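# Examining the three-dimensional arrangement
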Amino acid sequence: MIVKNEARFLQGCLETLAEKVDEIVIVDTGSTDGTIEIAESAGVRLLHQAWRGDFAGPRNFGLDQVRTDWVLYIDADERLGLPRGGRLADYIDPEAVAGFVRFQPKTNFTRYREWRLFRADPRIRFAGMIHETMVPAIKAVSRQEGWPVVQTDVEIDHLGYDGDISHKHPRNLALLEQALPLDPDRLFYWHHLAETYAGLGRLEEAENAARQGLARAEGQDDDNRSATASLLYQFLARTELQHGRDPLDLIASALARQPDDYALHFLKGRALLAAGRAEQALEVAHFLRDIDPDGLPDGWLAFDRALFTDKACELAALACLDLQRHSEAGKYFADASRLAPEVLAYRVKAAAFGGGSPVNV
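Attention in this report is confined to the structure presented alongside it. Because the structure is a prediction, the values reported are computed rather than measured. (Residues numbered from 1 in each chain as written. Predicted model: local features only at pLDDT ≥ 70, side-chain atom pairs only at ≥ 80, totals over all residues. Heavy atoms only, no water.)

### Considerations on the pairing of strand S3 (residues 45–48)
Defined as follows: Pairing between strands is defined by DSSP: at least two bridges between the two strands are required. For the purposes of this entry, the term helix denotes a DSSP run of H or I that reaches at least four residues, the term strand denotes a run of E that reaches at least two, and both are numbered from the N terminus. We call a crossover right-handed when, viewed with both strands directed away from the observer, the connection leading from the first strand over the helix to the second proceeds clockwise.
As judged from the four bridges shared by strand S2 (residues 25–28) and S3, these two strands associate in the parallel manner. In the sheet register, isoleucine 26 faces S3, and the bridge partner there is leucine 46. Viewed along the sheet, the connection from S2 through helix H2 (residues 35–41) into S3 turns out right-handed.

Below is the structure:
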């Protein structure tokens, strides 16, 4: 891993790695907050490289020092999980070139497929000053050697996106503006640029970045790229709704490309409600509530579990209000309150509309 001022997170990460791996290599890029002391006390191999505005550099510096046959790359704000116990080596297919982990990007989100495990092969190195990736190198080695990339049961939970991350926007913007001209077809750059502009209040630039990213996605059939294009569609659909515009045609195009994007289905429900099509919005709420988030296969997208629970019930309640079915709306609000008891608004609305015992959508 690479670190800089990660004292808040590092100890917890190291505890999940203890006795699960053969060695831990950490590259520090200039910590001043106690990170170094935590690493030293854990007995890791601690290396130092000054920060040069490029995430791939220290990643590769660390890879050059690895002495094991396989590598897991992980960040300090992440936690390793091995559901069957044992050691990480027990989850590795020695015939493969790499393994996907089951990655949770935020608390209360479903898991998706993420590239994190790979052979310690000198041909596999990171590229990119931000959102550094070793995926093209893994794919090249896989083609050359005929070694597959396999799914594993290894889990990683990411904690760093919980809470306010606005302090990262200025740094990320500078790196993204440098990285995009070097790799303009990297769709995730466009998505992150759109989200960063939006976080800085530069909404017109944010929308423009998302549309430029979608233009780059045309004609690309790779599953991972299609999933990233879906993130751009989600961003634009939310933007259209926030501005009182109708995003239904946009959402239809997106779902034709990625029919299992349940965030887009939820946005479709909100758009139908805004368009006065409450019965159809209620159907979307039923569709989402019938999905078990724990039963979703590991794909390329993760979803907020609330879309399938309280948010789906809230959508149903609002649709019922539009249809003048107030008592039914109250019951849906009561069900939302049961699923998310911390949300006071659900309880208030359930009481206001006579919600009795919760109902299942």
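That covers the picture; the talk isn't over yet.
### Here's the deal with the pairing of strand S5 (residues 78–81)
How we decide: To sort residues, take the accessible area from a 1.4 Å probe on protein chains only and compare it with the maximum for the residue type: under 20% means buried, over 50% means exposed, and anything in between is partly exposed.
Side chains of S5 alternate between two faces, with Glu78 and Leu80 and Arg79 and Gly81 buried alike. Judged from the four bridges that link them, S5 and strand S8 (residues 149–158) form a sheet pairing that is antiparallel. Bridging from a neighbouring strand, glutamate 78 pairs with histidine 158 of S8.

### Here we look at the environment of lysine 268
We apply this condition: By definition, residues are in contact when any of their heavy atoms lie within 4.5 Å.
Mapped onto the secondary structure, lysine 268 falls in helix H10 (residues 262–274). The exposure class of lysine 268 is partly exposed, given its relative accessible area of 31%. Measuring from C-alpha to C-alpha, the distance between lysine 268 and proline 247 comes to 8.0 Å, with 21 residues separating the pair along the chain. Each residue touching lysine 268, except ones within four places of it in the same chain, is listed here: Leu248, Ile251 and Leu255.

### Quick notes on the packing of aromatic side chains
What counts, and what does not: The criterion for an aromatic pair is that two Phe, Tyr or Trp rings (for Trp, the six-membered ring) have centres within 6.5 Å, with stacked assigned to planes under 30 degrees apart, edge-to-face to planes over 60 apart and tilted to the rest.
Overall, the coordinates contain twelve aromatic pairs when judged by the stated rule. Taking 4.7 Å as the distance between ring centres and 75° as the angle between the ring planes, the aromatic pair formed by phenylalanine 100 and tryptophan 115 counts as edge-to-face. A residue pair is termed long-range when its members are at least 10 positions apart, and phenylalanine 100 in strand S6 (residues 98–104) and tryptophan 115 in strand S7 (residues 112–119) qualify at 15 residues. Residue phenylalanine 100 shares its accessibility class with tryptophan 115, and that shared class is buried. Ring plane angle 40° and centroid distance 6.2 Å describe the contact between tyrosine 262 and phenylalanine 287, whose orientation is recorded as tilted. Remark: phenylalanine 287 occurs in helix H11 (residues 278–289) and tyrosine 262 occurs in helix H10; sequence separation between them is 25 residues.

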